[in-house]
Amino acid sequence: PTLKTPNIDELSAQSVNLADYHVAPTCSPTRCAFLTGHWTTRTGVWHTIMGRSMLRANEVTMGQVFKDAGYATGMFGKWHLGDNYPYRPEDRGYTEVMRHGGGGVGQTPDYWDNAYFDGSYWHNGEPEKVEGFCTDVFFDYAKRFIKSQKSAGQPFLAYIATNAPHGPMHSPEEYSAPYEDQGTGVANFYGMIANIDDNVGKMREFLRSEGLEENTIFIFPTDNGSSSGTKNFHAGMRGNQGSPYDGGHRVPFMMHWPAGGYNSAHTVEHITAHVDVLPTLIDLCDIASPEGVKFDGVSLTPLLDGNAADWPNRMLITASQRVTDPIKWRQSAVMTDRWRLINGKELYDIKADPGQKSDVASGNPETVERLR
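So, here's what we can say about the structure. Remember, predicted model here, so these are calculated numbers, not experimental data.

1. Digging into the state of the cysteines
Consideration 1: Per the counting criterion, the structure on display carries zero disulfides.
Consideration 2: In this structure Cys-32 is a free cysteine whose sulfur lies 11 Å from that of Cys-27, the closest cysteine sulfur available.
Consideration 3: Summary of cysteine pairing: Cys-134 is not part of a disulfide, and the nearest cysteine sulfur, belonging to Cys-27, is at 15 Å.

2. Overview of the pairing of strand E12 (residues 332-335)
Within a regular strand, side chains alternate between the sheet's two faces.
Consideration 1: Judged by which residues are buried, E12 turns out to be covered on both faces: Ser-332 and Val-334 on one side and Ala-333 and Met-335 on the other are all buried.
Consideration 2: Of the strand pairs in this sheet, strand E11 (residues 316-319) and E12 are connected by four bridges, and their pairing is antiparallel. The residue of E12 that forms the bridge with Leu-316 is Met-335.
Consideration 3: One ladder, built from three bridges, connects E12 with strand E13 (residues 339-342); its direction is antiparallel. Paired with Met-335 across the bridge in E13 is Arg-340.
Consideration 4: Between the end of E12 and the start of E13, which pair antiparallel, lie three residues.

3. Focus on the packing of aromatic side chains
Consideration 1: Taken as a whole, this structure holds 15 aromatic pairs when the rule is applied.
Consideration 2: Taking the centre distance of 6.2 Å and the plane angle of 70° together, the rings of Tyr-111 and Trp-122 count as edge-to-face. Of this pair, Tyr-111 sits in the loop between strand E3 (96-99) and strand E4 (120-123) while Trp-122 sits in strand E4, placing them 11 residues apart in sequence.
Consideration 3: Judged by its relative accessible area of 34%, Tyr-111 is partly exposed.

4. Topic: the packing of helix H1 (residues 6-13) against helix H7 (residues 184-209)
Consideration 1: The interhelical angle for the contact between H1 and H7, taken along N-to-C directions, is 55°, at an axis separation of 7 Å. When the axis of H1 is compared with that of H7, the two are oblique. Between H1, through Pro-6, Asn-7, Ile-8, Glu-10 and Leu-11, and H7, the contact on the second element is made entirely by Asp-197, Asp-198, Val-200, Gly-201 and Arg-204.
Consideration 2: Among the residues forming the contact of H1 with H7, the class breakdown is four nonpolar, two polar and four charged.

5. Re the sheet that holds strand E14 (residues 346-349)
Consideration 1: Sheet architecture is open: four strands sit in the order E11-E12-E13-E14, paired in antiparallel fashion. Two strands bound the open sheet, and with one partner strand each, they are E11 and E14. When the angles between neighbouring strand axes are averaged without regard to direction, this sheet yields 20°.

6. Some points on the nonpolar core
Consideration 1: Counting 39 residues, the largest nonpolar core has Tyr-21, Leu-35, Met-62, Phe-66, Tyr-94, Tyr-159 and Leu-304 as its most contacted members.
Consideration 2: Counting residues per element, the ones that place at least two in this core are strand E1 (16-22), helix H2 (27-36), helix H4 (62-68), strand E6 (156-161), strand E9 (253-256), helix H9 (277-285) and helix H10 (301-304).
Consideration 3: Looking at which element gives the most residues to this core, the answer is H9, with five residues.

Conventions used here
Residues numbered from 1 in each chain as written. Predicted model: local features only at pLDDT ≥ 70, side-chain atom pairs only at ≥ 80, totals over all residues. Heavy atoms only, no water. Disulfide = S-S within 2.5 Å. Buried < 20%, exposed > 50% of the residue type's maximum accessible area, 1.4 Å probe, protein only. Helix = DSSP H or I, 4+ residues; strand = E, 2+ residues; numbered from the N terminus. Pairing = 2+ DSSP bridges. Phe/Tyr/Trp six-rings, centres within 6.5 Å; stacked < 30°, edge-to-face > 60°. Axes fitted to C-alpha atoms, helices over the stretch in contact; angles between N-to-C directions. Parallel < 35°, antiparallel > 145°, perpendicular 65-115°, else oblique. Contact = heavy atoms within 4.5 Å. Nonpolar A, V, L, I, M, F, W, Y, C, P; charged D, E, K, R; others polar. Core = buried A, V, L, I, M, F, W, Y, C linked by side-chain atoms within 4.5 Å.

What follows is the structure, encoded as structure tokens:
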């Protein structure tokens, strides 16, 4: 009702949308699963600090998969899976990198005294002074990368992972001004999202002007539930960032690809997750799957194509550990199309109770046991 995102709305109206798409409740765990197709704890990433955000060196990333297939691979923005060798994106298959350090601009692993405006970011391993707002910079470097690959006749993968919206809450004033009645923090949070929306629109226009839109797979997901503004609107979901309830990990996912037939609104209702993205892209791009790797996710192509009459009733998981060593059932959800088992104890019928207000575990012991 308040935040306006016309460009993302337009993208959604021209895309396949995953209506029940889940990630981890915090950022690093989502990134590792998105990039590897493996559940978070398997990869060594179940926190955002304390060395628990470093993606194990034996994991094969999306960047490496596409690099091995002959693609140029670019990573722009927030990495948050390790800041030193052999954990950096340039060590994990990305041929062009422009990123900040740590989990947010100005955090300890980042460039000293860094800022959202006119900061210094790591460009292919070296700090580089830039002008402008961080999100604008990351999209700008991605466009340069894409343009150079077009000139070289090279297929490309561009992974643009914005640090915004994230604390500290800093936004260009032109984007936060429409929301100033929400208070400074929320106004800047909304302003950061409005800026992302603007950049999504500009990127799509750039791809059109370069003649690349038709055969570029353009996807837009986010990495966890909202960290701000949920008192204003939260789509009726319970919980926010960090929560095992849907508000912590059910997020948007849209895919636009005219050449593949994904250029009009189509909604997939079946439950899906971050671990499905890499297997799906491998399938859509018809490239080799990494040798010896068994994904926890599956290709969603049948769902995207509307040919999923015999789609299995899957059980998916998510968890937010945020401790040094994992604790069984901590801040967890086991999920199906219908059910949510929270922390191994509470059970919710998400179809009848999308706000997760009524725990029905006592009346459904067999379902609880099956999900456990």
